Every structure is written in structure tokens, then in C-alpha cells.
Amino acid sequence: MTTENVHILSEKLLHRAVEVHVIGCGGTGSQLLPRLAQLSKCMVALGHPHGLNVHVWDADTVSEHNCLRQNFLPCDVGRNKASIMVNRLNIGHGLAWRDEPRLFTRDALEHKSVDFIIGCVDSKAARREIEAFALESYHTGYWIDAGNDAVSGQVIVGQYGKAVADNPMRLPLVSELYPEIVTGPDDNSPSCSARESILKQGLATNAMAATWIYGWLAEALRHGQINYSGIFFNLATGRSSSIPVSKAAWDSIRPAPVAPDLLPKAA
């Protein structure tokens, strides 16, 4: 349910395990997962019956330079990122989370119910797969997308599912507000050295993006409602700006529709 200025989460999330799928366990994902373990424990301490049930997707293995900017140790080099992080958190916190040491694809979940799919990816191709899953899903859920460069970043929370598709106050997906995030070819290549990785992604931007995801989830799941659907931050200026739960705010971001007389003509 959503009204102007406040988004209310389904009460179902208060009575069963909250299904979370984290796509990507690199710079942002590896920083986020320990925070999700903390959030799950706090939810249970506050009376939630199960907390979070998390699945982590990543096909990559840890490289030596990942140990500087990402949340890995030298002893992790050569091992799968998702498996390392999930096993570490399961042992440390007594959890039963699942690792998926492979690429996420649109049909990987076979229309299963997912409450939150959190995209910690840096390619348009990966976001297209998440978007396709969201648009094809019959179950209502949230796509949380995180992106960043060296000094700035954003976290956008959107809502999907056939039951809410026509609700004008549905939280819009990141791909609806910023279509360019899923269109066209990727122009980024993997960093091959520690210095290149730091210059490209910064020292703290991934951790900050992870913190904002954690903050949004903690506020929304604790109180059952939230009054913003995204955040922009810049570490160089020390500024942040949120997207309020407001149709006017969303409409001001959405690309302007193309006039019919400007559309390409059929041959």
C-alpha cells in the first residue's frame, strides 16, 4: 500500500521469513551482507519470527586486489565470492543463508516469490536480467538497485508485481526513472589492479551505498513504512538528497514522453 508521502509495507513481511536475493558480492554486495546479518538478528530480537532468508549470487572468484576495496581477506583469493561470504556469515551468526555461485539470469528463480532483490552490479547486462525478472513476476516485491562511481552514488528502491503494476503510487523501478541504466552496451571493463579499482570506484562509495541499503531496509522493516524511495550521495561534497514517496517527485525524474509526431515512421 502506498499513499502520498509514505509507503506502507505488507504486513506479511512481519510474520514470515523475508526472502532476500543479493545479486553481486563485489564492492557493494560484500559490504552489505554483514549488515544484513546484523539486521536479521535485530529483527528477531525485536520480535520478528524469522528475520531475513538471504541468497547471494555471484560467479566471480576473489582476486588479490579485491582484498583492498572489497570485504575479503588474502586467504579468500581464488575462492567464489558468494560462497566465501555466505559460509563466513553462516558460521559466525548461526544462519542458514544460501550461496548461488553463478550468474543471475531472469529465469533463475522460475517465478518464485522474492520480497527484495538487491542489485549490487555494475553492468547494464546484469541490470537487464534483474529488470526482466521483476517485470515478469506475479509476486509483489522490491528491486533495490545500487550504483556508484569514484565519489558519488545512488540507491533506488522500486516495487514490482502484477498486483501493483497499475498502482500510480507504486514505487517506480530504477529502469523506469533512468532507462539508460539498462539500455545500450556496457562501456565498463573489470579493474585489473588495486590502484585501478580504487581510482574507478573510490575508497568508501561502495560502503556508503551498502549503508544506505541497510538504512532503508532497517527503517522500512522496523516501522513497516518509509517516506523515501531513493537516495543520492556525494562524498566529495558531503551532500545527500532523497527521493520522497511522491508522484510529483517521480514524474520530475521520469524521461519526458516522446510526442507521437516525433516517433519513427513505419516503412
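Quick note: structure is the one above.
Residues numbered from 1 in each chain as written. Predicted model: local features only at pLDDT ≥ 70, side-chain atom pairs only at ≥ 80, totals over all residues. Heavy atoms only, no water.

Chemist: Please provide a residue-by-residue account of the sheet that holds strand 3 (residues 18–23), values included.
Modeler: With mixed pairing, eight strands are arranged side by side in an open sheet as 5-4-3-6-7-8-10-11. For this open sheet the edge positions go to strand 5 (98–100) and strand 11 (239–244), each flanked by a neighbour on one side alone. Across the sheet, the mean angle from the axis of one strand to that of its neighbour is 15 degrees, orientation sign disregarded. The sheet contact formed by strand 7 (residues 141–148) and strand 8 (residues 152–160) spans eight bridges and is antiparallel. In the sheet register, Trp143 faces strand 8, and the bridge partner there is Gly158. Here helix 1 (residues 29–45) sits on the sheet in contact with strand 3, strand 4 (52–57) and strand 6 (116–119), set at roughly 165 degrees to strand 4. Sitting on the sheet, helix 3 (residues 81–93) touches strand 4 and strand 5, and the angle it makes with strand 5 is about 175 degrees. (Pairing = 2+ DSSP bridges. Helix = DSSP H or I, 4+ residues; strand = E, 2+ residues; numbered from the N terminus. Axes fitted to C-alpha atoms, helices over the stretch in contact; angles between N-to-C directions. Contact = heavy atoms within 4.5 Å.)

Chemist: Let's hear about the packing of helix 1 against helix 3: which residues, and what values?
Modeler: With their axes 11 Å apart at the nearest point, helix 1 and helix 3 run at an angle of 30 degrees to one another. When the axes of helix 1 and helix 3 are compared, the pair comes out roughly parallel. The element helix 1 and its partner helix 3 pack so that their crossing is right-handed. Counted together, Ser30, Leu33, Pro34, Ala37 and Lys41 of helix 1 and Met85, Leu89 and His93 of helix 3 form the full contact between these two elements. Considering only residue class, the contact of helix 1 with helix 3 consists of five nonpolar, two polar and one charged. (Parallel < 35°, antiparallel > 145°, perpendicular 65-115°, else oblique. Left-handed = near helix turned anticlockwise from the far one by under 90°. Nonpolar A, V, L, I, M, F, W, Y, C, P; charged D, E, K, R; others polar.)

Chemist: Before we move on, could you go through the pattern of salt bridges and cite the residues and values that matter?
Modeler: Evaluation of the coordinates by the stated rule reveals eight salt bridges. Close ionic contact of Arg254 with Asp251 constitutes a salt bridge, the shortest N to O distance being 3.0 Å. Look at Arg254 and you get partly exposed, because its relative accessible area is 27%. Residue Asp251 is classed as partly exposed on the basis of its relative accessible area, which comes to 37%. Through salt bridges with shared partners, one network takes in Lys247, Asp251 and Arg254. (Salt bridge = Lys/Arg side-chain N within 4 Å of Asp/Glu carboxyl O. Buried < 20%, exposed > 50% of the residue type's maximum accessible area, 1.4 Å probe, protein only.)

Chemist: Mind laying out the environment of Arg127, listing which residues take part and the relevant values?
Modeler: Relative to the elements of secondary structure, Arg127 occurs in helix 4 (residues 124–136). Arg127 sits in the buried class, given a relative accessible area of 7%. Contact partners of Arg127, with chain neighbours within four places excluded, come to Val121, Asp122, Trp143, Asp145, Ala146, Gly147, Ile181 and Val182. Polar contacts involving the side chain of Arg127 include one to the main-chain carbonyl oxygen of Ala146, which spans 3.1 Å. (Polar contact = N/O pair within 3.5 Å; in protein donor to acceptor, adjacent residues only side chain to side chain.)

Chemist: Lay out the packing of helix 1 against helix 7 (residues 205–223) with the relevant residues and their values.
Modeler: The interhelical angle for the contact between helix 1 and helix 7, taken along N-to-C directions, is 20 degrees, at an axis separation of 9 Å. Judged by the angle between their axes, helix 1 and helix 7 are roughly parallel. Helix 1 and helix 7 meet at a crossing whose hand is right-handed. The segment helix 1 lies against helix 7, with Gln31, Leu32, Arg35, Leu36, Gln38, Leu39 and Met43 engaging Ala207, Ala210, Thr211, Ile213, Tyr214, Leu217, Ala218 and Leu221. When grouped by side-chain class, the residues that make up the contact of helix 1 with helix 7 number 11 nonpolar, three polar and one charged.

Interpretation note: all reported values are geometric properties and have no functional meaning in isolation.
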